[in-house]
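Letter by letter, the chains look like this.
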Amino acid sequence: MRAAAAALVLAAAASPCHGSAWTQPAGKGQVIIKYEDVEAREGFDAGGARIALGGPRSERLASVFAEYGLAPAWTLRVKTDWQSGRDAFADYEGRGPLELGVAWQAFRSDSTAISVYAGLADGGEGRNAGYAPPGAGSRDVELRVAAGRSFSPVSGPLARMAIEGGFAEAQLARRGRRGLPDETRLDLTVGVRPGRGWLVLGQLYAGAADGGPRWVNAETSVVREIGRWNLQLGWRTAVAGRDAPASDGPVLGVWHRF
């Protein structure tokens, strides 16, 4: 789940003030490298109540997400990560899921964008789902729809906070999994620019495995733009779930547009 969530972070179009609903222009792209160091001493039981785990669970993930505009309205996306973790039952290190997919710009106006993404993923030695043992699961297929809307500095409910504008986005995905339950996912993002070169992100990652675990993770981060580079510092925490760990920890990211 962490790897997938990490893969579902902001995918900027011409600037870091847009989300995955906006595909990349032809011949343009970006790379996002992130590091997460999360720990859980509690989890959520089948009824959603917090309970103590049998032992602490710690995970370190270094992820890479890259996208490139193949043609007008078509963007190639690749993502993977390297994981190292330990809990009461396992001590592991290895590659997480490796995913390759294509996004299509179904609609785009001055302020609104809708895209459709389809991807294939190959499971690795790490956790292919946050609730599953390391190495469980193999091939996945995902279909995702993303819709976003940007707002100017002088309009919208967040105008006073977003001096330089911002955006809001929702993504809905269905993931068919081999060796693990199929999943439905919902990701929500609001980004506001309180000043030139600054972006504040609030993100919510929610999901449910068919007949099994559920999770809701919140992430808040600040991004500093320096030319074609962006530095991200944030914190991720589990706010709800069922049969899932309650992990939290810092998130560090470096984005580069080319």
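Since the structure is predicted, the reported quantities are computational estimates derived from the model, not experimental observations. (Residues numbered from 1 in each chain as written. Predicted model: local features only at pLDDT ≥ 70, side-chain atom pairs only at ≥ 80, totals over all residues. Heavy atoms only, no water.)

### With respect to the overall build of the protein chain
Thinking step 1. For the protein chain, the helix and strand inventory stands at 1 helix and 14 strands.
Thinking step 2. Here the protein chain, with 258 residues, has 49% of them falling under the buried criterion.
Thinking step 3. Pairs at least 24 residues apart make up 56% of the contacts formed inside the protein chain by residues separated by at least 6 positions.
Thinking step 4. In the form shown here, the protein chain has an accessible surface area of approximately 11,500 Å², with 63% of it arising from carbon and sulfur atoms. (Helix = DSSP H or I, 4+ residues; strand = E, 2+ residues; numbered from the N terminus. Buried < 20%, exposed > 50% of the residue type's maximum accessible area, 1.4 Å probe, protein only. Contact = heavy atoms within 4.5 Å. Areas by Shrake-Rupley, 256 points an atom, 1.4 Å probe, with all protein chains shown as cover.)

### A look at a nonpolar patch on the surface
Thinking step 1. A cluster of nonpolar side chains, namely Ile33, Val64, Ile226, Trp229, Leu231 and Val254, defines an oily patch on the protein surface of about 530 Å² accessible area.
Thinking step 2. You can see Trp229 is positioned in strand S12 (residues 229-242). (Patch = residues over 30% accessible without salt bridge, like charges linked within 9 Å, V, L, I, M, F, W, Y side chains within 5 Å. Salt bridge = Lys/Arg side-chain N within 4 Å of Asp/Glu carboxyl O.)

### A few points about the nonpolar core
Thinking step 1. Among the nonpolar cores identified, the biggest contains 11 residues, and these are Ala21, Trp22, Ile32, Phe65, Ala113, Ala146, Phe167, Leu199, Leu201, Val223 and Trp255.
Thinking step 2. The residues touching Val223, leaving out its near neighbours within four places in the chain, are Gly197, Trp198, Leu199, Leu201, Asn230, Leu231, Gln232 and Trp255.
Thinking step 3. Grouped together as the second largest cluster of nonpolar side chains are 6 residues, Tyr131, Ala132, Leu180 and Trp215 included. (Core = buried A, V, L, I, M, F, W, Y, C linked by side-chain atoms within 4.5 Å.)

### Overview of the pattern of salt bridges
Thinking step 1. Tallying each qualifying case throughout the model produces 26 salt bridges.
Thinking step 2. For Arg127, the salt bridge is made with Asp87, and the minimal N-O distance between the two is 2.5 Å. Placement of Arg127 in the loop between strand S6 (112-122) and strand S7 (139-151) and of Asp87 in the loop between strand S3 (74-86) and strand S4 (91-95) is noted, with a sequence separation of 40 residues between them.
Thinking step 3. Where salt bridges share partners, they join Lys79, Glu99, Asp140, Glu142, Arg144, Arg175, Arg177, Glu183, Arg185 and Asp187 into one cluster.

### Concerning the confidence of the model for the protein chain
Thinking step 1. Here the protein chain shows a mean pLDDT of 90. Residues at 70 or above account for 90%.
Thinking step 2. Here helix H1 (residues 2-7) is the element of the protein chain with the lowest mean pLDDT, 35, and strand S5 (residues 98-108) is the one with the highest, 98.
Thinking step 3. Across residues 1-17, where pLDDT falls below 50, the model places 80 contacts with residues more than four positions away in sequence or in other chains. (pLDDT = per-residue confidence, 0-100.)

### Structural notes on the environment of Val200
Thinking step 1. Along the chain, Val200 falls in strand S10 (residues 198-209).
Thinking step 2. Classification of Val200 by relative accessible area gives partly exposed; the value is 30%.
Thinking step 3. Put simply, Val200 and Gly234 are 34 residues apart on the chain and 9.6 Å apart in space, counted from C-alpha to C-alpha.
Thinking step 4. Those residues in contact with Val200, other than ones at most four positions away along the chain, are Val190, Gly191, Val192, Pro194 and Ser221.

### Details of unusual backbone geometry
Thinking step 1. Located in the positive-phi region is Ala73, a residue other than glycine, with phi close to 80°.
Thinking step 2. Given a relative accessible area of 26%, Ala73 falls into the partly exposed group.

### A short note on the side chain of Asp187
Thinking step 1. With respect to the helices, strands and loops of the structure, Asp187 is situated in strand S9 (residues 183-195).
Thinking step 2. Assessed through its relative accessible area of 5%, Asp187 is described here as buried.
Thinking step 3. A distance of 2.9 Å separates the side chain of Asp187 from the side chain of Arg144, its partner in a polar contact. (Polar contact = N/O pair within 3.5 Å; in protein donor to acceptor, adjacent residues only side chain to side chain.)

### Some points on the packing of aromatic side chains
Thinking step 1. Taken as a whole and judged by the stated rule, the model has 4 aromatic pairs.
Thinking step 2. Ring centres of Tyr68 and Phe258 lie 6.3 Å apart, and the angle between their planes is 10°; this geometry places the pair in the stacked category. With Tyr68 in strand S2 (residues 50-71) and Phe258 in the segment after strand S14 (248-257), this residue pair connects regions lying 190 residues apart in the sequence. (Phe/Tyr/Trp six-rings, centres within 6.5 Å; stacked < 30°, edge-to-face > 60°.)

### Some remarks on the environment of Gln30
Thinking step 1. Mapped onto the fold, Gln30 is located in strand S1 (residues 29-44).
Thinking step 2. In sequence terms Gln30 and Arg228 are 198 residues apart; their C-alpha atoms lie 9.3 Å from each other.

### Remarks on the environment of Pro25
Thinking step 1. Summarising the element assignment, Pro25 is placed in the loop between H1 and S1.
Thinking step 2. Given a relative accessible area of 38%, Pro25 falls into the partly exposed group.

### Re the side chain of Arg185
Thinking step 1. Among the structural elements, Arg185 can be located in strand S9.
Thinking step 2. Side-chain polar atoms of Arg185 contact the side chain of Glu183, separated by 2.7 Å.

### A closer look at the pairing of S3
Thinking step 1. Taking every second residue as pointing to the same face, the buried face of S3 carries Thr75, Arg77, Lys79, Asp81, Gln83 and Gly85, while none of Trp74, Leu76, Val78, Thr80, Trp82, Ser84 and Arg86 on the other face is buried.
Thinking step 2. Across 13 bridges, the pairing between S2 and S3 is antiparallel. Paired with Ala66 across the bridge in S3 is Val78.
Thinking step 3. Between S2 and S3, which pair antiparallel and follow one another directly, the connecting turn spans 2 residues, one of which, Ala73, has a positive phi of 80°. (Pairing = 2+ DSSP bridges.)

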